[in-house]
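# Breakdown of the fold
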Amino acid sequence: MTEAILLVGGKGTRLRPLTVHTPKPMVPAAGVPFLTHQLARARAAGVEHIVLATSYLAEVFEPHFGDGAALGLHIEYVTEEEPLGTGGAIRNVASRLRSGPDEPVLVFNGDILTGLDIRALVRTHETTGADVSLHLTKVTDPRAYGLVPTDDTGRVLAFLEKPQTPEEIVTDQINAGAYVFRRSVIDTIPAGRVVSVERETFPGLLAAGAHLQGMVDSTYWLDLGTPAAFVRGSADLVLGRAPSPAVPGRCGDRLVLPTATVAPDAKLAGGTVVGEGAFVAEGARVFGSTILPGAVIEPGAVVTDSLIGTRARVGERSVLTGTVIGDGATIGARNELREGVRVWCDATIPAGALRFSSDQ
């Protein structure tokens, strides 16, 4: 059975303050740590053995997932003492793999939400005899990504870093963060130093004449690297737009975890999640947002496209749009916070302190 490596060692700096106390793959999306969705989808595709390549806050993972038996998996953990990059992390866990030299090993980035047909990617790898196969996806604006042009058979022609001019945009295909390696290729990655598969390993293999195959899969794909993207991804899981067997409930407009409390006249919509022990008071309106465990939304507050951290509090009649509130923070009553605002963990904003509109 195909085994897999999950790269979950990143610091998640673009997601702060969500990742101050929690590694990015463990931030809840649709009611469970995001990593749970990736593990469940891998298991549904037939994967049984997964090695987690950890680094930042590595001690958080094993107490939650244990040996993986609850998910029907056997999970092992390897921690980098110093961050080694994507390629270095893959090489660092090689001793835990069980596959033979010519067998396929799946590799996933730990911050991608996707509907990728994992079995199809493995089939593509095996039928083409590739050394490495890559999941590619098409995007409308590829300027923020590495481009991967292919020939008519899907064979990779080049790896182009983020294009700076229109002339450099030769394709709308980008590296989508899921790969199948021939096991023996992993052993050729240098050990004990920082290596990027995107900038070093893949271009080096191509230059050496290796066969790198691309498979374009146009199903759901989202990089959860920013707060806005993470909130959207969680909502899409709840709404059923993004597939996952790990959503703890039926898909729909809202997901309220069992120990959460929501007032009868509060309005929840747009894929909103209310976490364990959280409280949404009377008259509150929450749309497309994630309310993490133990958070409180006071009466009449309006929260849209936002993420409210664990044990945080949003005061009465405050209005939040596109914001991130860190763990334990308090937003006093009658504040108005707009797109891009990040309130750090345990911070306190007094009542009526921040506004974008007049008092009228």
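Criteria and cut-off values
- Per chain, residues are indexed from 1 in the order of the written sequence.
- In view of the model being predicted, local features appear only for residues whose pLDDT reaches at least 70, and side-chain atom pairs are presented and counted only at 80 or more, with totals across whole chains, interfaces and linings using the full set of residues.
- Side-chain figures throughout are based on the complete set of non-hydrogen atoms in the structure, without hydrogens or water.
- Strands here mean DSSP runs of E at least two residues long; helices mean DSSP runs of H or I at least four residues long; both are numbered from the N terminus.
- Here the radius of gyration uses the C-alpha set of atoms, whereas the globule reference equals 2.2 Å times the residue count to the power 0.38.
- For the exposure calls, accessible area comes from a 1.4 Å probe over protein chains only, and a residue counts as buried if that area is under 20% of its type's maximum, exposed if over 50%, partly exposed in between.
- In this analysis, two residues are considered to be in contact whenever any of their non-hydrogen atoms come within 4.5 Å of each other.
- Whenever a carboxyl oxygen of Asp or Glu lies within 4 Å of a side-chain nitrogen of Lys or Arg, that contact is scored as a salt bridge.
- UniProt positions are given in the numbering used here, feature names are shortened, and annotations may be inferred rather than shown by experiment.
- For this analysis, a ring pair means two rings from Phe, Tyr or Trp (six-membered ring only for Trp) whose centres lie within 6.5 Å, classed as stacked if their planes differ by under 30 degrees, edge-to-face if by over 60, and tilted for the remaining angles.
- By definition here, a helix of n residues has an expected span of 1.5 Å times n minus one.
- Here the rule is simple: two strands pair whenever DSSP picks up at least two bridges between them.

### What to know about the overall build of the protein chain
- Across its full length, the protein chain holds 7 helices and 28 strands.
- What you see for the protein chain is a C-alpha radius of gyration of 22 Å, in line with the 21 Å of a compact globule of 360 residues.
- The dimensions of the protein chain, computed from C-alpha atoms along their principal axes, are 70 × 50 × 35 Å.
- Counting across all 360 residues of the protein chain, residues that qualify as buried make up 55%.
- Of the contacts made within the protein chain by residues no fewer than 6 positions apart, 51% connect residues no fewer than 24 positions apart.

### Description of the pattern of salt bridges
- This model, assessed by the stated rule, comprises 13 salt bridges.
- Between aspartate 187 and arginine 183 there is a salt bridge, with the nearest N and O atoms lying 2.9 Å from each other.
- Residue class for arginine 183 comes out buried when judged on its relative accessible area of 10%.
- Across the pair arginine 193 and glutamate 200 runs a salt bridge whose closest N-O atoms are separated by 2.6 Å.

### Observations regarding the UniProt feature "domain: Mannose-1-phosphate guanyltransferase C-terminal" (unreviewed entry) in the protein chain
- With numbering aligned to this structure, UniProt lists the feature "domain: Mannose-1-phosphate guanyltransferase C-terminal" (unreviewed entry) at residues 252-333.
- End C-alpha to end C-alpha, residues 252-333 measures 30 Å, and it is 0% helix and 41% strand.

### Description of the packing of aromatic side chains
- A full pass over the atoms with the stated rule returns 6 aromatic pairs.
- Where phenylalanine 34 meets phenylalanine 230, the ring centres are 6.5 Å apart and the plane angle is 65 degrees; that geometry is what we call edge-to-face. Of this pair, phenylalanine 34 sits in helix H1 (residues 34-44) while phenylalanine 230 sits in helix H7 (residues 227-239), placing them 196 residues apart in sequence. In this pair, the class of phenylalanine 34 matches that of phenylalanine 230, namely buried.
- For the ring pair phenylalanine 159 and phenylalanine 202, a centre distance of 5.4 Å and an interplane angle of 25 degrees mean the geometry is stacked. Of the two residues, phenylalanine 159 is situated in the loop between strand S8 (132-138) and strand S9 (173-182) and phenylalanine 202 in helix H6 (residues 197-207); the sequence distance between them amounts to 43 residues.
- Taking relative accessible area as the criterion, phenylalanine 159 reaches 18% and is therefore assigned buried.
- By relative accessible area, phenylalanine 202 is classed as buried at 0%.

### So, H7
- Look at H7: 18 Å from first C-alpha to last across 13 residues, which is about the 18 Å you get at 1.5 Å a residue.
- The buried fraction of H7 is high, at 10 of 13 residues.
- Within H7, the full set of buried residues consists of Pro227, Ala229, Phe230, Val231, Gly233, Ser234, Ala235, Asp236, Leu237 and Val238.
- Of the residues flanking the end of H7, it is glycine 240, one or two places downstream, whose phi is positive at about 90 degrees.

### Examining the sheet that holds strand S28 (residues 348-349)
- Taken together, 6 strands build an open sheet; the order of strands is S13-S16-S19-S22-S25-S28 and the sheet is parallel. At either end of the open sheet lies a strand with only one pairing partner, and these are strand S13 (261-262) and S28.
- As defined by bridge partners, strand S22 (residues 313-314) adjoins strand S25 (residues 330-331) across 2 bridges and the pair is classed as parallel. Residue pairing in the sheet places arginine 313 in a bridge with threonine 330 of S25.

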